Amino acid sequence: MSDGSTIAVDTAAVARNVPGQPAEGVDAELVAQLVEQARAAGLQLTGDGGLLQQLTKRVLESALEGEITDHLGYDKGDPAGKNSGNSRNGVRAKTVLTDVGPVEIEVPRDRDGSFAPRIVKKRQRRLSGVDDMVISLSAKGLTTGEIQAHLAEVYGAEVSRQTISTITDKVVEGMTEWQNRPLDPVYPVIFLDAVHVKIRDGKVANRPIYLALAVTVEGTRDILGLWAGDGGEGAKFWLQVLTELRNRGVQDACMVVCDGLKGLPDAIGEVWPEAVVQTCVIHLLRASFRYAGRQHWDAIAKALKPVYTAPTEAAARARFAEFAEAWGGKYPAIVRLWQQAWAEFVPFLAFDAEIRTVVCSTNAIESVNARIRRAVRARGHFPNEAAALKCVYLAVMSLDPTGQGRRRWTMRWKPALNAFDIAFEGRLSAGRK
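Starting from 1, residues in each chain are numbered consecutively following that chain's sequence as written. Only residues with pLDDT of 70 or above have their local features reported here, since the model is predicted, and side-chain atom pairs are shown and tallied only from 80 upward, although totals for entire chains, interfaces and linings are computed over all residues. Side-chain calculation: all heavy atoms of the structure are included, whereas hydrogens and water are not.

1. Notes on the pairing of strand 5 (residues 221-228)
Inference 1: The buried label goes to any residue with under 20% of its type's maximum accessible area, the exposed label to any with over 50%, and the partly exposed label to all in between, with areas taken from a 1.4 Å probe on protein chains only. Put simply, DSSP marks the helices as runs of H or I at least four residues long and the strands as runs of E at least two long, and each gets a number from the N terminus on. Of all eight residues in strand 5, seven are buried, a share of seventy percent or more.
Inference 2: Two strands qualify as a pair provided that DSSP identifies no fewer than 2 bridges between them. Counting the residues between successive antiparallel strands, the hairpin from strand 4 (residues 203-215) to strand 5 contains five residues, one of them, Gly219, with a positive phi of roughly 90 degrees.

Dropping the structure here:
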C-alpha cells in the first residue's frame, strides 16, 4: 500500500529527530506534513494501528537502536564492529502499553546478552506514563474495575485489576516516607480537621481520617500528615498525632485552628504550650445549626455574625448577649454551645484583621477536604484502613499538578504572615534559618 509506505518513511524521519536530541526537537513542518498525509490516506490519528501508535513505535525503536549503538560502540553495518567481541544479534518482538495504547516493538539484542535498554527495560511492559495515568485516575476516586474499563475503552488495552492494584500500591512506599519526613521547626498556623470514610471491617462503619495542614513561614501550604482513627475518643488520638509531629521536628506553632472537640485544647497545650488555640467559627456555626430548625438557619447565622466580626472581645460579649436574649428561649442549647466554646472562640479577636481573616475558619483546609471527599464518595466504601489511606493520600498528592495553586496560596498569605511576624515577634525566625 503506497500511502502507508509513504507514512512509514515520514514517521521514521520524525523519530530520528527525537531520541537523544534535546537541542533540536521535532520539526513542526514535518509533523504537519505527516498528519496531512495520514488524513489523505484515511489513517486514523488515534486508536489501534493509528498514526500515534506508528509514531510511538518508530520513536521507541529508534531510541533502542541508539542505545545498542552506544552499548556496542559502532553503528549498524559498520566494519569497525568486526571481531569486536560483541555484535548485534537480531531483534525480539515485545508489546508495551503506552499512553496511545498497546504498541508492538522490536527490541535489538546483542550476542553476549549484556545489552540492558533503558527506555524500555527488560521485562518492562508499561511505559511510565501509563503508571502515572493509572495513579491519576485512582486519585480521582475511580475503582480498579473502572480504571480497567477506561483503559480498555479509550486505549484498547487489556490491563488486569491486579496490575492496576500493583501500580497504585507503589505509592504506599512513598506514602510511608512522606508520612515520616522531617518537618519545619515552627509554623505560623496549623489546621486540624478530619474527614469520615466508610470502611468495611466486618460491617461498614464511618471512620475518621485525621489531617494536619500547616502554613509555612514562606506562605506555602504543607500537609503534615494523614492518620486513620479508630472512631474512638478524638482528643486522645489527636494527642498522639501532635506528639508525632513534635517528634518529627515541629517545636512550635503560633496558632492551631481546630473544631470544638472536648479535650483537644489541652492536648495542644501539652505539646506546644505557647500555641494559641482557635476554634473554627465555621464548625461552631455548623454545630449551632444542628440544634435549630432548618427554617431558622439563615436568621441564626445573621444574628451570630456580629458576634464573630466584633472588633473586640467586649463587643463580642455584648453582641452575644443580644443573641441569647433573642434566641435563648427557643434554642438554649445554642447559647450553651457558644458559652462552652467561648475561651477558644475569642483569641483571634485580639489580632489584626489580616490574621482574623485566615484563622477564623478552616477555609484553608476546606478545599483540601473537598477534593478528598470527592475521591472518597466515588469509591463508596473501602475494604480496609490501608485502602482508605491510600485513596486519601493519592487525592492529596494530586491537589496542585500545575503549581498555580501554590503561587496563589503564597500571594494570599503574604499580608497575614506580615501580621504574624508582628504579633508573634521572634517566634517565626526559627523557621527561616
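2. Section: the pattern of salt bridges
Inference 1: Salt bridges, as used here, are contacts in which a Lys or Arg side-chain nitrogen is within 4 Å of a carboxyl oxygen on Asp or Glu. One pass over the structure, following the stated rule, counts six salt bridges.
Inference 2: The salt bridge involving Arg207 is made with Glu385; its shortest N-O contact spans 2.8 Å. Note that Arg207 is positioned in strand 4 and Glu385 in helix 15 (residues 385-397), a separation of 178 residues in sequence.
Inference 3: Arg207 gets classed as buried once you look at its relative accessible area, which sits at 14%.
Inference 4: When the shortest N-O distance is used, the salt bridge between Glu244 and Arg248 registers 3.6 Å.

3. Concerning the sheet that holds strand 5
Inference 1: On the basis of which strands lie adjacent, the open sheet formed by five strands has the order 5-4-3-6-7 and mixed pairing. With partners counted over all chains shown, the strands left at the sheet margins are strand 5 and strand 7 (276-279), one partner each. On average, each strand axis in the sheet is inclined to that of its neighbour by 25 degrees, with strand direction left out of account.
Inference 2: Of the pairings in the sheet, the one linking strand 4 to strand 5 comprises seven bridges and is antiparallel in character. What sits directly across from Val215, in strand 5, is Arg221.
Inference 3: Residues count as neighbours in contact if any of their non-hydrogen atoms are within 4.5 Å of one another. Note on method: axes are straight lines fitted to C-alpha atoms, helices fitted across the in-contact stretch only, with angles between N-to-C directions ranging 0 to 180 degrees. Relative to strand 5, helix 15 is tilted by about 170 degrees, and along the sheet it contacts strand 3 (186-201), strand 4 and strand 5.

4. Some details on the packing of helix 9 (residues 281-289) against helix 10 (residues 297-308)
Inference 1: Put simply, helix 9 and helix 10 touch, their axes get as near as 11 Å, and they point 145 degrees apart. Taken as a pair, helix 9 and helix 10 cross one another with a handedness that is right-handed. When helix 9 is examined against helix 10, the residues Val281, Leu285, Ser288 and Phe289 are found in contact with a partner set consisting of Trp297, Ile300, Ala301, Leu304 and Tyr308.
Inference 2: Per-class residue counts for the contact of helix 9 with helix 10 are eight nonpolar, one polar and no charged. In this scheme the crossing of two helices becomes right-handed for a clockwise turn of the near helix relative to the far one and left-handed for an anticlockwise turn of less than a right angle. Under the grouping applied here, Gly and all other residues not named as nonpolar or charged are polar, the nonpolar ones being Ala, Val, Leu, Ile, Met, Phe, Trp, Tyr, Cys and Pro and the charged ones Asp, Glu, Lys and Arg.

5. Focus: the environment of Arg427
Inference 1: Mapped onto the elements of the fold, Arg427 is located in the segment after helix 16 (404-423).
Inference 2: On the accessibility criterion, Arg427 (17% relative accessible area) is buried.
Inference 3: Not counting residues within four places of it along the chain, the set of residues in contact with Arg427 comprises Val186, Asp252, Ala253, Cys254, Glu274 and Ala275.
Inference 4: Engagement of the side chain of Arg427 in a polar contact is seen with the backbone oxygen of Ala253, the distance being 3.4 Å.
Inference 5: Distance and chemistry together define a polar contact, namely a pair of N or O atoms within 3.5 Å, with one atom able to donate a hydrogen and the other to accept it when in protein, and with adjacent residues in sequence counting only for side-chain atoms on both sides. Only 3.4 Å separates the side chain of Arg427 from the backbone oxygen of Glu274, close enough to count as a polar contact.

6. Regarding the state of the cysteines
Inference 1: Here, two cysteine sulfur atoms that lie within 2.5 Å of each other are counted as a disulfide. Scanning the entire structure with this criterion turns up zero disulfides.
Inference 2: Just so you know, Cys258 is unpaired, no disulfide at all, and the nearest cysteine sulfur is the one on Cys280, 8.8 Å from it.

7. Topic: the nonpolar core
One broad rule of soluble globular proteins: the nonpolar side chains tend to lie buried together.
Inference 1: Among buried residues, those of type Ala, Val, Leu, Ile, Met, Phe, Trp, Tyr and Cys that are joined through side-chain atoms within 4.5 Å constitute a nonpolar core. Counting 77 residues, the largest nonpolar core has Trp338, Phe345 and Phe420 as the members making the most contacts within it.
Inference 2: Counting residues in each nonpolar core, the second largest holds 26 residues, with Tyr187, Tyr210, Ala214 and Val271 among its members.

8. Some thoughts on the packing of aromatic side chains
Inference 1: Any pair of Phe, Tyr and Trp rings, taking the six-membered ring for Trp, is counted once the centres come within 6.5 Å. Such a pair is stacked with planes under 30 degrees apart, edge-to-face with planes over 60 apart, and tilted for the rest. For the structure shown, the criterion picks out 13 aromatic pairs.
Inference 2: Pairing Tyr210 with Trp238 gives two aromatic rings, centres 5.0 Å apart and planes at 65 degrees, and the pair type is edge-to-face. You can see Tyr210 sitting in strand 4 and its partner Trp238 sitting in helix 7 (residues 234-247), a full 28 residues away along the chain. Take Tyr210 and Trp238: they sit in the same class, and that class is buried.
Inference 3: On the numbers, 5.2 Å between centres and 55 degrees between planes, the contact of Trp342 with Phe345 is tilted. Highlighted residues: Trp342 and Phe345, both in helix 12 (residues 332-345), separated by three residues, approximately one helical turn.
Inference 4: For Trp342, a relative accessible area of 6% translates into the label buried.
Inference 5: Among the aromatic side chains, those forming a connected cluster through ring pairs are Phe320, Phe323, Trp338, Trp342, Phe345 and Phe348.

Shape is all these values report; function is a separate question.
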